[in-house]
Amino acid sequence: MRLGRRVWASRSLRNGLPTSRRLAAVASLDTGRQRKGSGPLVGVIVSRFCVSVVQEAFVHVVIMGCGRVGSSLAKALERLDHQVSVIDKDAQSFRRLGSDFHGQQVVGNGFDQRVLIEAGIERAGAFAAVSSGDNSNIISARVARETFGVEAVVARIYDEKRAAVYERLGIPTVATVPWSTDRFLRMLLPEGTATAWRDPSGSVAVLPLELHEDWVGRTVRDLEEATGCRVAFVMRFGTGVLPDSKTVLQEDDQVYVAALSGTVTDVAAAAAHAPEES
């Protein structure tokens with residue numbers, strides 16, 4: 001996910017910033033605010049917001065929530081030389097940032113426009129709402145996007161059904177439940193149907209398939225019809241291939257497919273069996 005977009009002249013001149021700000025997200029850090037029993041979620045959040053930065057200018061980022069996710073995100077961004085402001089209702093929460101954090105610390109509600117302005121939202125290139133409350137996160141994200149025009153906005157949402165609704169409203173979300181569930185599956189069932197990627201709402205998963213040997217010589221269309229999935233790409237001799245419906249599967253192909261989350265087990269089971277004779 002790419003955070004930050006080109007900022008055109010009117011806003012750039014108003015804020016005194018360059019016209020290009022690009023912030024891209026990556027890899028995996030394991031820290032973050034969790035609810036009891038929720039498991040290790042921070043890496044799921046932080047890695048979706050920032051680890052690697054492609055930059056032509058420094059980005060000012062406003063973070064609402066200074067729990068373990070917010071503080072980890074703030075420190076990671078500052079290590080990458082970005083300007084960071086952190087908002088939290090509890091001043092004691094800022095202790096998580098440590099004495100070596102030099103960003104701005106603002107006490108207040110992240111959906112209060114005066115608090116956001118104090119945190120520098122008017123010059124921000126990105127905004128992350130990662131408090132423990134779904135309502136607070138989505139309200140503040142909408143204020144940042146709709147009132148202040150921040151294009152790179154992400155909200156952490158616990159309720160995956162609500163996350164899907166907010167995605168349709170144009171606000172990217174991090175739905176921690178399906179992502180953390182998927183991560184536990186990776187650790188508990190290393191030979192199982194762990195996914196390689198999952199969309200923010202948790203509805204669609206991309207996973208590698210273990211194919212029965214009899215699929216060699218059959219077409220992508222045959223596989224899709226038998227499993228109910230879509231073949232996304234094939235790794236062949238170490239190179240990614242975008243197949244079409246007539247592409248013939250070869251020995252040692254690593255096939256990655258897209259499937260609805262609730263069908264992943266059935267898709268994997270169908271691929272592991274020999275295809276039916278037509």
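What this report covers is the structure whose coordinates are included nearby. (Residues numbered from 1 in each chain as written. Predicted model: local features only at pLDDT ≥ 70, side-chain atom pairs only at ≥ 80, totals over all residues. Heavy atoms only, no water.)

The next point concerns the pattern of salt bridges. This model, assessed by the stated rule, comprises four salt bridges. Taking the shortest distance from any N to any O, the salt bridge between Arg142 and Glu146 comes out at 2.9 Å. With Arg142 and Glu146 both in helix H5 (residues 134-147) and four residues apart, the pair spans about one turn of that helix. Take Arg142: its relative accessible area is 35%, and that puts it in the partly exposed class. Across the pair Asp253 and Arg236 runs a salt bridge whose closest N-O atoms are separated by 2.6 Å. One end of the pair, Asp253, is in the loop between strand S12 (239-241) and strand S13 (254-260); the other, Arg236, is in strand S11 (residues 230-236), with 17 residues separating them in the sequence. The pair formed by Asp253 and Arg236 is uniform in burial state, with each residue classed as buried. (Salt bridge = Lys/Arg side-chain N within 4 Å of Asp/Glu carboxyl O. Helix = DSSP H or I, 4+ residues; strand = E, 2+ residues; numbered from the N terminus. Buried < 20%, exposed > 50% of the residue type's maximum accessible area, 1.4 Å probe, protein only.)

Once that is clear, we can look at unusual backbone geometry. In the Ramachandran plot, Asp81 falls in the positive-phi region, its phi being about 70 degrees despite a non-glycine side chain. Here Asp81 lies in the loop between helix H3 (68-79) and strand S4 (83-88). Non-glycine residue Asp252 carries a positive phi angle of around 75 degrees. Turning to its location among the elements, Asp252 is positioned in the loop between S12 and S13. Residue classification places Asp252 among the exposed residues on the basis of a relative accessible area of 70%.

Bringing the packing of aromatic side chains into the picture now. In this structure the tally under the stated criterion is one aromatic pair. On the numbers, 4.5 Å between centres and 10 degrees between planes, the contact of Phe233 with Tyr256 is stacked. Taken as a pair, Phe233 in strand S11 and Tyr256 in strand S13 lie far apart in primary sequence, 23 residues in all. By relative accessible area, which is 26% here, Phe233 ends up partly exposed. (Phe/Tyr/Trp six-rings, centres within 6.5 Å; stacked < 30°, edge-to-face > 60°.)

On the surface, Glu213, Asp214, Glu251, Asp252 and Glu277 cluster together to form a negatively charged patch. According to the relative accessible area criterion, Glu277 is exposed, its value standing at 72%. (Patch = residues over 30% accessible without salt bridge, like charges linked within 9 Å, V, L, I, M, F, W, Y side chains within 5 Å. Areas by Shrake-Rupley, 256 points an atom, 1.4 Å probe, with all protein chains shown as cover. Lys, Arg positive; Asp, Glu negative; His and termini not counted. Charge placed at Lys NZ, Arg CZ, Asp CG, Glu CD.)

Our next topic: the nonpolar core. Most often, soluble globular proteins keep nonpolar side chains buried together rather than apart. If you look at the biggest cluster of nonpolar residues, it comprises 23 residues, and the most contacted ones within it are Ile121 and Phe127. Mapped by element, the contributors of at least two residues to this core are strand S3 (60-64), helix H4 (113-118), strand S6 (126-129), H5, strand S7 (152-157) and helix H6 (160-168). Formed by 17 residues, the second largest nonpolar core is a distinct cluster that contains Leu73, Leu77, Ala126 and Val130. (Core = buried A, V, L, I, M, F, W, Y, C linked by side-chain atoms within 4.5 Å.)

Reading across the sheet, the five strands line up as S9-S10-S13-S11-S12 and stay open at both edges, with antiparallel pairing between neighbours. The open sheet has two edge strands with one neighbour each: strand S9 (197-198) and S12. Here S11 runs beside S12; their pairing, made up of three bridges, is antiparallel. By the bridge assignment for S12, Met235 is matched with Gly240. (Pairing = 2+ DSSP bridges.)

Next up on the list: helix H8 (residues 220-227). Buried within H8 we find Val220, Leu223 and Thr227. Taken down its axis, H8 places every buried residue within 65 degrees of arc, on the same side. Summarising the contacts, the buried residues of H8 are in contact with strand S10 (204-209), S11, S13 and helix H9 (264-272). Looking one or two residues beyond H8, the residue adopting positive phi is Gly228, at roughly 80 degrees. (Arc of directions from axis to C-beta. Contact = heavy atoms within 4.5 Å.)

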